[in-house]
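Coordinate inspection notes
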Amino acid sequence: MSAEQIVSCEPATGAEIWRGMPCDVNDVVDRARRAWPAWAAQPLSTRMELVRRFANEVRKEAEALADLIAREVGKPLWEARAEVESVVAKVEVSIRAYAERTSQRKLDSALQGSMAVRHKPHGVMVVLGPYNFPAHLPNAHIVPALIAGNVVIFKPSEKAPATSELLTRCFHRAGISAGVVQLAIGGPLEGQDFVAHEGVDGVLFTGSANTGISINRRLATRPDKVVALEMGGNNPIVLWDTPKITDAAALVVQSAFASAGQRCTAARRLIVKASIHDAMMAEIKALADRIIVGAPFDEPAPFMGPVIDNAAADGLAESFLYLLSNGGKAIKHLVRQDDNLPFLSPAIIDTTALKDRPDVELFGPILQVVRVDDFDEAIAEANNTRFGLAASLIGGSPQDYNRFWAHVRAGIINWNRTTTGPSHAAPMGGIGLSGNHRPSGYYAADYCAYPVASGEMEQPRAMIGVGLR
């Protein structure tokens, strides 16, 4: 256990919101292992009823939870409320997904027997949560894991412990014991210890590619542990011929700057047809100039809050300066409102002239623009990344979209929709450095239980028809 306390501060004000000591990793895992057999033995209907009660507890705490999310991570209150709604909605979606993805099946077999396919839980699952959606994203792992019969150790981001504490309390109030869902406060050290612990059967992670790669490397010799990695992206949005200039601009701005750009699915690169570049960029810049950046409870309500902390703001400012110094042309500068607080304006920079555009996820409100002459070049540029989470085509014909869908490498591919806001009823994941082919969302049930095939007969019946004296 690390000796330093975990301290959470409000990004918008710098005020301390939560303080506590890191957990004892061994104690947490031991408690989870003791709790697992009884939880796994519960009927599926009981586990489903308990997670439904959890949804009701979240409904009761909806305003308090939204208020806490807004304060702790700096989201506008309207956006924090939408996150709470996603937490509630995830329960029924997960119940439907488990029934569909892990349904029991029986087939006829030889000698009047039967063949059954059923699913078993893995055991003790560690959920490592991010700060950008501190309730919804970990919940998207926790609820499917519980329905399947696993117990959960929830190690939230050290930047969002207060939200995580209230979320965990809702599970306990619903009748799910403190051994079945445990909140494990800690920083990177505790996260690493959970990943490597012999008593942990699976690691469900949402966060940066660097951390995901580290987890994957740490468990490279442990095929017995299930690992689901949901990581970031250097996501492209391709802008092609369309008469709907205003709508197209709105889709670009929403994709790039929602949540202050702190979404794994946010558009990082705008690839635009050169012949429509000037008209489209004028429209996009005009709309970005109107964006209100403010504190969560400001009136009128802001579109964007701050990024998570000053370190993140400093890093984004340095990245923008690097792009500018290496051939980028600022269309809209990144502006820091207050050197002591992490409020950033949305920024747009043309990076067409950069020889080697950095293939990194800039987790904030910076949109890079690349001009291309034809659609093949647009597709090639969209694929010019090691990531593969989300991509969107705005404009173009149905034939263009068919080509785009067929050739762009990503786990989420949209047409005339934002790159952000994937459906609860669809898989959520990517390829390359964006995931390890275990998407969450509707497909989370796939990594929360494993299939078991069983040949069954009520009485033994067999004979050996060859090779006997």
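Preceding block: the structure.
Residues numbered from 1 in each chain as written. Predicted model: local features only at pLDDT ≥ 70, side-chain atom pairs only at ≥ 80, totals over all residues. Heavy atoms only, no water.

1. Remarks on the sheet that holds strand β7 (residues 181-183)
Quick reminder of the rule: Pairing between strands is defined by DSSP: at least two bridges between the two strands are required. The helix count covers DSSP runs of H or I at least four residues long, the strand count covers runs of E at least two residues long, and both are numbered beginning at the N terminus. Between N-to-C directions, angles span 0 to 180 degrees; the directions come from axes that are lines fitted to C-alpha atoms, helices contributing only their stretch in contact. In what follows, a contact means two residues having at least one pair of non-hydrogen atoms within 4.5 Å.
Taken in spatial order, the five strands line up as β7-β6-β5-β8-β9 in an open sheet, and their pairing is parallel. The sheet terminates laterally at β7 and β9 (226-230), the two strands that pair on one side only. Strand-to-strand, the axes of this sheet are offset by a mean angle of 15°, without reference to chain direction. Where helix α6 (residues 161-173) meets the sheet, its contacts fall on β6 (151-155) and β7, and the angle it forms with β7 comes to roughly 155°.

2. Topic: the side chain of Ser86
Put simply, the rule reads: Any residue under 20% of the maximum accessible area for its type is buried, any over 50% is exposed, and the rest in between are partly exposed; the area is computed with a 1.4 Å probe on protein chains only.
Along the polypeptide, Ser86 turns up in helix α4 (residues 77-101). The exposure class assigned to Ser86 is buried, which follows from its relative accessible area of 15%. When sequence neighbours within four positions are dropped, the list of residues in contact with Ser86 reads His136 and His424.

3. A look at the pairing of strand β14 (residues 341-344)
Alternating positions in β14 separate into two faces, Leu341 and Phe343 on one and Pro342 and Leu344 on the other, with burial throughout. Alignment of strand β13 (residues 336-338) against β14, held across two bridges, turns out to be antiparallel. Residue pairing across strands places Arg336 opposite Leu344, the latter belonging to β14. Connecting β13 to the antiparallel partner β14 that follows it, the hairpin turn spans two residues.

4. Looking at the packing of aromatic side chains
Threshold: Here a pair means two rings of Phe, Tyr or Trp (six-membered ring of Trp) with centres within 6.5 Å. Their orientation is stacked below 30 degrees between planes, edge-to-face above 60, and tilted elsewhere. Placement of a positive charge over a ring is assigned whenever Lys NZ or Arg CZ falls within 6 Å of the ring centre and within 35 degrees of the normal to the ring plane.
Enumeration over the complete set of coordinates arrives at four aromatic pairs. With a centroid separation of 3.7 Å and 5° between ring planes, the pair formed by Phe54 and Phe171 is classed as stacked. Here the residue Phe54 occupies a position in helix α2 (residues 44-60), and Phe171 occupies one in helix α6, the gap between them amounting to 117 residues. As far as burial versus exposure is concerned, Phe54 and Phe171 are alike and both buried. We note Lys75 situated over the ring of Phe133; from NZ or CZ to the ring centre the distance is 3.4 Å. Its guanidinium or amino end placed over the ring of Tyr443, Arg101 lies 3.6 Å from that ring's centre, counting from NZ or CZ.

5. Looking at the sheet that holds strand β12 (residues 329-332)
Read from one edge of the open sheet, seven strands run β12-β15-β16-β11-β10-β17-β18, paired in mixed fashion. Strand pairing shows two members of the sheet lacking a second neighbour, β12 and β18 (412-415), which therefore form its edges. Across the sheet, the axes of successive neighbouring strands diverge by a mean angle of 20°, strand direction being ignored. Looking at chain direction, strand β11 (residues 267-273) and strand β16 (residues 366-372) are connected through five bridges and run parallel. Paired with Arg269 across the bridge in β16 is Gln368. Its contacts with the sheet place helix α12 (residues 375-382) against β10 (235-239), β11, β16 and β17 (390-394), and it is angled at close to 170° to β11.

6. Section: the nonpolar core
Selection rule: Nonpolar core, defined: a set of buried Ala, Val, Leu, Ile, Met, Phe, Trp, Tyr and Cys residues in which side-chain atoms within 4.5 Å join the residues together.
Residues Phe54, Leu146, Ile153, Phe171, Ile176, Phe194 and Ile215 are the most contacted members of the largest nonpolar core, which totals 81 residues. In terms of residue count, the dominant contributor to this core is α4 (eight residues). If near-sequence neighbours (up to four positions away) are discounted, Ile215 is found in contact with Leu128, Val195, Val203, Phe205, Val227 and Leu229. Counting 41 residues, the second-largest nonpolar core is a separate cluster that includes Ala248, Ala313, Leu323 and Ala347.

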